[in-house]
Amino acid sequence: MDIKIEKQSKPIAKIKEGDKVFINGKEMKVDKHYLFQAHKDTNEMIIEIFNPENDREYQIRYFDDQVETSIEVYELEGEIQYTRREPKTISW
């Protein structure tokens, strides 16, 4: 299942700490945005976000040259394990 990117207030590469991201309409806050791994022709990026209502932590992962088709959301389960989630929409 693909995540529908509903609205972009700026390019995803410009998202920074303190910005807001909405997943399925729920407001999340950006904690960090960084390069996860550099590949030959693309960069794998991570945006760490959290839900201020319940303090749950998530990661948005994507490849910078194919955002629309590569964007994925993971939720932190326990101390170090992330589980993939399949939200319907995302916006920023």
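Up top is the structure these notes are about.
Values in this document were obtained by computation on a predicted structure and should not be read as measured data.

### Some details on the overall build of the chain
- Across its full length, the chain holds one helix and eight strands.
- Secondary structure elements of the chain occur, N-terminal to C-terminal, as β-β-β-β-β-α-β-β-β.
- Reported as C-alpha extents along the three principal axes, the dimensions of the chain are approximately 40 × 30 × 30 Å.
- For the chain, the proportion of contacts with a sequence separation of at least 24, taken over those separated by at least 6, is 35%.

### Let's talk about the pattern of salt bridges
- Within this structure, the stated rule accounts for seven salt bridges.
- Linking K16 and D19 is a salt bridge whose minimum nitrogen-to-oxygen distance equals 3.5 Å.
- For R85, the salt bridge identified is with E75, shortest N-O distance 2.8 Å. Placement of the pair is R85 in strand β7 (residues 81–85) and E75 in strand β6 (residues 72–77), with a sequence separation of ten residues.
- The buried category is assigned to E75, whose relative accessible area is 7%.

Cut-off values and rules
Throughout this document, residue positions are counted from 1 along each chain, in the order its sequence is written. The model is predicted, so local features are restricted to residues of pLDDT at least 70 and side-chain atom pairs to those at 80 or more, both for listing and for counting; the totals for chains, interfaces and linings are taken over all residues. Side-chain figures throughout are based on the complete set of non-hydrogen atoms in the structure, without hydrogens or water. Only DSSP runs of H or I reaching four residues or more are called helices, and only runs of E reaching two or more are called strands; each is numbered from the N terminus. We call two residues in contact whenever any of their non-hydrogen atoms come within 4.5 Å of each other. Any Lys or Arg side-chain nitrogen located within 4 Å of an Asp or Glu carboxyl oxygen qualifies as a salt bridge. Think of it in three bands: residues with accessible area under 20% of the maximum for their type are buried, residues over 50% are exposed, and the middle band is partly exposed, with areas taken using a 1.4 Å probe on protein chains only.

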